[in-house]
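A look at the structure
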Amino acid sequence: MELTNIQAAETSNGSYEKPRKEVLREQIRELVTQYHAEAFPARTFTPGQSDVPVSGKVFDAEDIQYAVDASLDFWLTTGRFAEEFERLFARVMGVRDARLVNSGSSANLVALSALTSDSLGDEALQPGDEVITVAAGFPTTVNPSIQNSLVPVFVDVQLDTYDIDVTQLEAALSDRTGAVMIAHTLGNPFDLDTVTAFCRKHNLWLIEDCCDAVGATYKGQSVGTFGDVSTASFYPAHHITMGEGGAVMTQKPALTKLIESFRDWGRDCWCAPGKDNTCGKRFEWQLGELPCGYDHKYIYSHIGYNLKLSDMQAAVGVSQLKKLPGFIEARRANFKRLYEGLSDLQEFFSLPQSTPGADPSWFGFPIAVKPESGLKREDVEKTLNQRKINTRLLFGGNLLRQPAYLKTKYRKIGDLPNTDYVMNNVFWIGVYPGLSDSMLNYIIEVFHEIARRR
Ligand SMILES: Cc1ncc(COP(=O)(O)O)c(C=O)c1O
């Protein structure tokens, strides 16, 4: 019997048979499991010969099954898996709403852009308003300010936590300050008591960049729930991955509508792809100077973007999300192992410290090579890389010294000496769940060798 519709068909004995396309889907899933076992066998680790990555996607057959399942739907654009992910991720993060976008950078862009909407009245950020941030970090935490004609104001970071130095916040304030937008550096929450109190006192927006910090908590509360808007990234280096992907989160329904609008071309309409007339008055709106009844689907209330992601990416996210608790636990355990293994080398290296009150969800393990140790960061990195242990810098180091920012309009508080220290002395190694005990032991051994050889 050819079964082509979605309904199960009744067989002669009265039982129900699955539609053939569902049977085929299951066979494909099974084949994917077999394919995964063949194509991605467990690798053995040979110290000195195998790479010790800083990060990478950790995935199983189920993740590929989800990607294939979404491909078989051939819906392609954002769809059922995206809806499911948004609902589940909001619950995991403890926020009211999470909206998917195609990267963490897009999430930051949408988050800040949403706060420029005229619909926020006096609260809207205006061109020339200032956004307090730090220069020791990732560029796309800062870029949305510049892209929205706002002025970044840089304060220094603390050493060892690598988070914002909150003692400089008051000095950074001006009558144009409108927001604070900062990241929880490498998964280590910044001092949220001080930052949220400062924002409340001066009526400022707070945007929490949680791209590196999914799962981190501060005094028992999840990061991402403190700010007006917060963001996440699902690039392979991050806590879970969709390849490319990000999320914008908020507790405030009015902001969700703005986030959707900026993500979806700037439109006023909030229908999901493929849906019409969700508002029930599609042809009854009169907005701007458009004639009454102009199709709501084509009314634009913001200068927006299209930053949606595909349902194949979202499907991988749904599958990865199931593994998030285990991934976070592994990152914390790997961090602890490295910390214990390197703690006798503090004459040479400054080890990372978590912010008081914080339980970080580490993205990496930052290390400062002490200038007085006689070691140089570049030499340490070279040796590690020769021994196949990968390293990364703390992103842009001091963004203000990067070519892209030399002509940018900004203010800074003092000379940012710690930011320069980060640029000159700090690097990080991996803690991601793909690291095995033998890799961690090997890392610790090579660090001891470097210290002995000095
Ligand atoms: C703190 C921070 N914010 C934003 C981003 C950008 O995320 P994406 O690579 O998904 O654009 C990153 C990237 O790693 C990051 O570390």
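These numbers come from a predicted model, not from an experiment.

Rules of the game
Residues numbered from 1 in each chain as written. Predicted model: local features only at pLDDT ≥ 70, side-chain atom pairs only at ≥ 80, totals over all residues. Heavy atoms only, no water. Domains from an automatic or database assignment. Contact = heavy atoms within 4.5 Å. Salt bridge = Lys/Arg side-chain N within 4 Å of Asp/Glu carboxyl O. Polar contact = N/O pair within 3.5 Å; in protein donor to acceptor, adjacent residues only side chain to side chain. Nonpolar A, V, L, I, M, F, W, Y, C, P; charged D, E, K, R; others polar. Pairing = 2+ DSSP bridges. Helix = DSSP H or I, 4+ residues; strand = E, 2+ residues; numbered from the N terminus. Axes fitted to C-alpha atoms, helices over the stretch in contact; angles between N-to-C directions. Buried < 20%, exposed > 50% of the residue type's maximum accessible area, 1.4 Å probe, protein only. pLDDT = per-residue confidence, 0-100.

For the rest of this paragraph, the subject is the domain arrangement of the protein chain. Parsing the protein chain into structural domains produces domain 1 (3–41), domain 2 (72–272 + 305–320), domain 3 (273–300) and domain 4 (322–453). On a C-alpha basis, the centroid separation for the pair domain 2 and domain 3 is 29 Å. Contacts between the two partners involve 12 residues from domain 2, matched on the other side by 13 residues from domain 3. Counting across the interface, domain 2 meets domain 3 through 0 salt bridges. Viewed at the interface, domain 3 and domain 2 are joined by 4 residue pairs in polar contact (both at pLDDT 80 or more). Tallied by class, residues from the side of domain 2 that touches domain 3 come to 6 nonpolar, 3 polar and 3 charged.

Spatially, 8 strands are ordered S3-S11-S10-S7-S6-S4-S5-S16 in an open sheet, and the strand pairing comes out mixed. Because the sheet does not close on itself, it has two edges, and the strands there are strand S3 (97–101) and strand S16 (411–412). Of the pairings in the sheet, the one linking strand S7 (residues 205–209) to strand S10 (residues 229–233) comprises 3 bridges and is parallel in character. Across the sheet, the residue bridging to Glu-208 is Ser-230, located in S10. Across the sheet, helix H3 (residues 80–93) is in contact with S3, S10 and strand S11 (246–250); its angle to S3 comes to roughly 130°.

Our focus in this paragraph is the pairing of S11. Where burial is concerned, most of S11 is hidden: 5 out of the 5 residues are buried. With burial as the criterion, each face of S11 is covered, one bearing Gly-246, Val-248 and Thr-250 and the other bearing Ala-247 and Met-249. As judged from the 5 bridges shared by S3 and S11, these two strands associate in the antiparallel manner. For Asp-97, the partnering residue across the bridge sits in S11 and is Thr-250. Two elements, S10 and S11, share 5 bridges in a ladder whose sense is antiparallel. Looking across to S11, one finds that Ser-233 is bridged to Gly-246.

When the pLDDT values of the protein chain are averaged, the result is 96; 97% of them are 70 or greater. Contacts of residues 1–8 to residues separated by more than four positions or lying in other chains number 15 contacts, the stretch itself having pLDDT below 50.

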